[in-house]
Amino acid sequence: MPLASDRASLATFPIDWGGLAPLRLKSRAVAEGVYAGMHRSIRKGAGVEFGGQRPYVPGDDLRFFDRRALLRHDRLMVREFETETDRALWLCVDATASMSYRGRRAPGAKLAYAALIAAAMARVALATGDPVGLAWLGGAGTHGLPAMAGREAFERIVGALEATSAAQDWSGDAGAIERALAPIAKKARRGAVVLLISDLLDLAHESGTDRALSAFTALSTGGRTLIALQVLDPSEAELDFEGNVRLRALEGGAVIEADAGAVRAQYKARLAALTEVWSRALASRGGRLLRATSADPPTDVVRSLVQAIAEVRR
């Protein structure tokens with residue numbers, strides 16, 4: 001359960017950047033410390049390695065007409081080749097209310113950290129010519145972007161990340177996750193990499209984790225690769241409070257009063273169970289779940305994401 005001090009609930013939470021701003025400079029610095037290429041993709045077309053044959057259709061480039069096939073089999077065929085190409089990276093950032101939390105050990109809110117990771121990943125992808133798209137879970141002032149490449153893409157992505165505030169309580173809206181992911185399901189092509197950055201908490205939790213997880217893993221159809229990064233505040237990850245505490249969920253309004261030490265083991269066990277469910281489900285679809293806290297070095301996290309993407313694409 002996301003943690004919050006016992007104060008009046010706000011509908012919108014502007015990003016608490018703390019020490020994670022300015023986003024443009026910080027994300028560029030993170031990207032510079034990471035391997036410049038994420039992955040290689042394969043598509044059919046003109047290239048350097050023979051990739052097979054297919055029947056000729058009007059409009060095919062006659063340079064690839066297979067004369068031997070015509071002589072041997074009396075069939076009009078064209079040769080295909082495999083070439084390395086760029087594939088889109090789709091960033092899906094959770095901006096629901098729970099992402100606004102910032103504990104005493106974090107340099108910024110979870111949403112600020114997620115924005116930094118997303119911007120750095122975009123920088124790495126764009127540096128190799130890969131187009132990058134942006135979608136949101138919840139939030140206020142959000143602006144989704146189609147997959148695009150080029151010099152202006154990074155600035156547009158950073159601008160969209162900076163303009164967002166954490167908002168929306170999805171605890172009672174079971175269909176919210178499906179609606180939010182619909183643009184990716186419609187636009188992301190075969191071979192795209194979809195990166196979800198979220199705390200994975202309170203995604204329509206009235207209907208359980210299964211609905212949110214099912215909606216995300218459904219994106220693996222069509223040859224898409226799924227990677228999820230769970231971002232928790234250090235206080236959420238460890239429940240590092242002492243004595244009797246009063247905790248209120250930022251989504252759903254649940255309030256719990258308990259001795260932190262007495263419930264810590266149970267709390268961490270349930271958190272681990274949530275992580276295990278997501279990890280197994282993604283692995284079964286050829287994807288990967290990574291974990292981080294908002295106090296972890298962002299360069300290390302981005303490097304781990306790049307490596308995970310490269311491994312699952314092999």
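Quick look at the structure, then. Remember, it's a predicted structure, so these values are computed and weren't measured experimentally.

Another aspect to go through is helix α8 (residues 260-284). Over its 25 residues, α8 extends 35 Å from the first C-alpha to the last, a length consistent with the 36 Å expected when each residue adds 1.5 Å. The sharpest bend along α8 comes to roughly 25°, located at Gln266. Residues of α8 that are buried include every one of Ala260, Arg264, Tyr267, Leu271, Leu274, Thr275, Trp278, Ala281 and Leu282, and no others. For α8, the capping residue at the N-terminal end is Asp259, with a side-chain oxygen 3.1 Å from the backbone nitrogen of Gly261.

It is worth spelling out the environment of Leu239 at this point. Mapping Leu239 onto the fold places it in the loop between α7 (234-238) and β11 (244-248). C-alpha of Leu239 to C-alpha of Gly261: the two residues are 22 residues apart in sequence and 8.5 Å apart in space.

Here the focus is the sheet that holds strand β5 (residues 89-94). With mixed pairing, six strands are arranged side by side in an open sheet as β7-β6-β5-β9-β10-β13. The open sheet has two free edges, formed respectively by β7 (145-148) and β13 (288-293), since each of these has just one partner strand. Across the sheet, the mean angle separating the axes of adjacent strands is 20° when strand polarity is ignored. Of the pairings in the sheet, the one linking β5 to strand β9 (residues 193-198) comprises five bridges and is parallel in character. Residue Val93 lies in a different strand from β9, and its bridge partner there is Ile197.

A few words on unusual backbone geometry. A cis amide bond, omega 0°, links Ala21 with the succeeding residue Pro22. Note on placement: Pro22 falls in the loop between β1 (12-14) and α1 (23-32). Even without being a glycine, Gln168 presents a positive backbone phi close to 85°. One non-glycine residue with positive phi stands out, namely Leu239, at about 50°.

Looking now at a positive patch on the surface. Taken together, Arg67, Arg68, Arg72 and Arg79 make up a surface patch of like positive charges. It is helix α2 (residues 67-73) that contributes the most residues to the positive patch, three residues altogether. When its relative accessible area of 62% is taken as the criterion, Arg68 is described as exposed.

The rules behind these values
Residues numbered from 1 in each chain as written. Predicted model: local features only at pLDDT ≥ 70, side-chain atom pairs only at ≥ 80, totals over all residues. Heavy atoms only, no water. Helix = DSSP H or I, 4+ residues; strand = E, 2+ residues; numbered from the N terminus. Expected span 1.5 Å × (residues − 1). Bend = angle between axes of the 7 residues up to and from the residue. Buried < 20%, exposed > 50% of the residue type's maximum accessible area, 1.4 Å probe, protein only. Polar contact = N/O pair within 3.5 Å; in protein donor to acceptor, adjacent residues only side chain to side chain. Pairing = 2+ DSSP bridges. Axes fitted to C-alpha atoms, helices over the stretch in contact; angles between N-to-C directions. Patch = residues over 30% accessible without salt bridge, like charges linked within 9 Å, V, L, I, M, F, W, Y side chains within 5 Å. Areas by Shrake-Rupley, 256 points an atom, 1.4 Å probe, with all protein chains shown as cover. Salt bridge = Lys/Arg side-chain N within 4 Å of Asp/Glu carboxyl O. Lys, Arg positive; Asp, Glu negative; His and termini not counted. Charge placed at Lys NZ, Arg CZ, Asp CG, Glu CD.

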